[in-house]
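Chain by chain, the residues run as shown.
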Amino acid sequence: MRTHTRDGGRRLAWLRVVLVLAVVGAVAAATAGTASSASSAVVVSMDVPSATYLDLAGCASASARGFGTVLPGTDAVTSADCTVTFGSSNSTPSLRIAQSDRRGPAMYRPFDGTLDTTFGAGGVRSYDPSGGLDHFWAAVEFVDGDVLAAGSWRNGARDDSLFVRINADGTPDTTFGPGGVRTLDPTPGVDDEVRDLVPLPDGSALFVTNANHLRHILANGTLDGAFGAVTMPNTISPKRVAVDGSGRIYAGGTTWAFGTGRCGVARFSAAGVLDATWGSGGAASPSVAPQTMICDGMAVAPSGEVYLAAQCDCGTSTADATVLKFTSAGQLDTTFGTGGRLTTEPTGVTNTRLIEAQVLDGNVLYLGGQSEAGAMVQRFSTSGVPDTTFDGDGTVILPTSNGARDIQPVGDGVVVTGDYGGSTVARLTSTGALDTTFSGDGLFDPAVPGDLHENGTLVLGDGRLLLAGGTAGATADLLMLGATPVADWATGSADWSSAASSFGACLRAVGGGAAATWTPNASCVASNGAWWNDVPAAGDLVATAPAFDNAATATMRFGLHAAATQRPGRYVAPITFEVTAP
């Protein structure tokens, strides 16, 4: 169960109190010949921040967050209270609950290493628009469950942009293109393959290409002519694209414009206009000597801080795994590592490179790469401190020669995929151990014809895993690993007596001045009633509190109705609590 507070827990709106002190000179009685009066004034001010407050210490016990072992055909309610304390320093705060991934059912049994045979032919869909040499590099999911995969198709002697869109029910989205497929030649005469893409709320997507361009594709599969082809400053060859919490766009990769390899990132407005106030004229491509850097990964925090993951020739005999951190103003963060650069190569491991970076929950930095010892996965704080709860030193070396190319959160752990010398999928727990509930030993090598090489990994809202890549020299492929969802509670219906499984939450009580929005029930019994609620993707209001109250509480329990046919395994429901004010 993850927690989230807006803007990292302190939502800063400012209440300005101004005291005006008038200083007026003494004025004599009005008589002929008196001197004229004079006055002056000063303003005394202070700033009072508005901060939200959220404490989940009351949900720390395992019995407050889990059901333990539940037999098929039985009901369960968590045996301890999950008490959330919340408040705000000035505006009336609201406590909301939502699915952490903001899509699909709240509870599911994540992918387990078996193919979803309802997807394509035995779990695989292949696309071959050019008769060979086609490949996917990335895939994203929209809020409505649609999936967009992108990569390249062989257009004569060039590699140009390939897109495939699939509806939430698994059928091709024919409104996007014939059979859901679009083959585009955005910049005639040059290679223009899609390296990365990011979904937007309106069903469109931003993408970057190896033609050094940032582009926008609409939900109907056409290029946005108003957005145009945005050329990267400093001839940065972008590998990644991301959007921050304010809708600003970032594209990052490597530039050779300065005679040696440098990491580079540029920031744009939502309309694709270079933000000249960021970095140096909209771009940051710093010299960090001694260096030749190749940048493959990028992560952007909601507040606009940027991390670039790289391989660095930093004066040693072998390549070093390196991260650069930029402030929200586009300058190297000199508090991070040494002058903004952090070498993450662990002791005893050599010749390392970083390929992937992810920021989770605003304070966890995941890094993926490879070393001579095997695939490397690392977890740091966003300030650059290794997380020693993750395998003791913050680094896991996987027993595979493949590099860790993509990292995605799943449940309370992560899934890692690689594409160097073969294909491997690994799932790690929150402590960095291989999750043996996945494929028996935590590792999965998809046995598909042609040896699928994965480049994009997508954990879907229903718990399935989509791998996007291609078979060597042949087709662009999508492979789906199956999951088992548990339906969300249908508030006010007879879920406890249904033949199907359901997961929901109940509000036992509120305290500390809080007012309940959900219907409370002191016992939260496993019976039908209006006190059982779903945990929706969009979030739901649980309770409110008075202004200036940091002691409001909401006490909850969770319920599970397991069908007699419930598939065995470990089920998870990643949940986010959020406090907003007002």
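Residues numbered from 1 in each chain as written. Predicted model: local features only at pLDDT ≥ 70, side-chain atom pairs only at ≥ 80, totals over all residues. Heavy atoms only, no water.

## Some points on the pattern of salt bridges
Test applied: A carboxyl oxygen of Asp or Glu within 4 Å of a side-chain nitrogen of Lys or Arg is what we treat as a salt bridge. The helix count covers DSSP runs of H or I at least four residues long, the strand count covers runs of E at least two residues long, and both are numbered beginning at the N terminus. For each residue, the accessible area found with a 1.4 Å probe, counting protein chains only, is set against the maximum for its type, and the residue is called buried under 20%, exposed over 50%, and partly exposed in between.
Applying the stated rule across the entire model yields 22 salt bridges. Residue Glu 356 is joined to Arg 240 by a salt bridge in which the shortest nitrogen-to-oxygen separation is 3.2 Å. Note that Glu 356 is positioned in strand 25 (residues 353-360) and Arg 240 in strand 17 (residues 237-243), a separation of 116 residues in sequence. No difference in accessibility class separates Glu 356 from Arg 240, as the two residues are buried. Among the charged side chains, a network of salt bridges with common partners joins Asp 81, Arg 508 and Arg 557.

## Overview of the state of the cysteines
Selection rule: Counting rule for disulfides: a pair of cysteine sulfur atoms within 2.5 Å.
What the rule picks out here adds up to three disulfides. A sulfur-sulfur separation of 1.9 Å characterises the disulfide bridge that pairs Cys 263 with Cys 295. Every disulfide takes its handedness from the sign of the S-S torsion; for Cys 263 and Cys 295 that torsion is 85°, giving right-handed. Here the residue Cys 263 occupies a position in strand 19 (residues 262-268), and Cys 295 occupies one in strand 21 (residues 293-300), the gap between them amounting to 32 residues. With respect to class, Cys 263 is no different from Cys 295; both count as buried. With its sulfur 2.1 Å from that of its partner, Cys 506 forms a disulfide with Cys 524. Sign of the S-S torsion, about -85° for the bond between Cys 506 and Cys 524, identifies this disulfide as left-handed. Here the residue Cys 506 occupies a position in strand 37 (residues 502-511), and Cys 524 occupies one in the loop between strand 38 (515-516) and strand 39 (532-533), the gap between them amounting to 18 residues. In this pair, the class of Cys 506 matches that of Cys 524, namely buried.

## Points about the pairing of strand 18 (residues 249-255)
Heads up, the condition is: Following DSSP output, two strands are said to pair if at least two bridges run between them.
Of all seven residues in strand 18, seven are buried; the element is thus mostly enclosed. Both strand 17 and strand 18 contribute to a ladder of six bridges, which runs antiparallel. Of the residues in strand 18, the one forming a bridge with Val 241 is Ala 251. The hairpin turn running from strand 17 into strand 18, its antiparallel successor, is five residues long, and Gly 247 in that turn takes a positive phi close to 85°. Sheet topology places strand 18 next to strand 19; seven bridges connect them, and they run antiparallel. Paired with Ala 251 across the strands is Ala 266, a residue of strand 19. Between strand 18 and strand 19, which pair antiparallel one after the other, the connecting turn spans six residues, and Gly 259 there sits at a positive phi close to 90°.

## Quick notes on the environment of Ala 62
Residue placement: Ala 62 occurs in helix 1 (residues 62-65). Considering only alpha carbons, one finds Ala 62 and Ser 246, 184 residues apart in sequence, at a separation of 36 Å.

## Points about the nonpolar core
Note the following rule: In this description, a nonpolar core means a group of buried Ala, Val, Leu, Ile, Met, Phe, Trp, Tyr and Cys residues linked to one another through side-chain atoms lying within 4.5 Å. Any two residues having at least one pair of non-hydrogen atoms within 4.5 Å are treated as being in contact.
If you look at the biggest cluster of nonpolar residues, it comprises 32 residues, and the most contacted ones within it are Val 84, Phe 86, Leu 95, Phe 503 and Phe 577. Secondary structure elements with two or more residues in this core: strand 3 (52-58), strand 5 (82-88), strand 6 (94-99), strand 37, strand 40 (540-544), strand 41 (552-561) and strand 42 (575-580). Residue contacts for Val 84: discarding those within four places in its chain leaves Leu 54, Asp 55, Leu 56, Cys 59, Leu 95, Ala 552, Thr 553, Ala 554, Met 556 and Phe 577. The next biggest cluster of nonpolar side chains, apart from the first, holds 18 residues, and it includes Ala 242, Met 293, Cys 295 and Cys 312.

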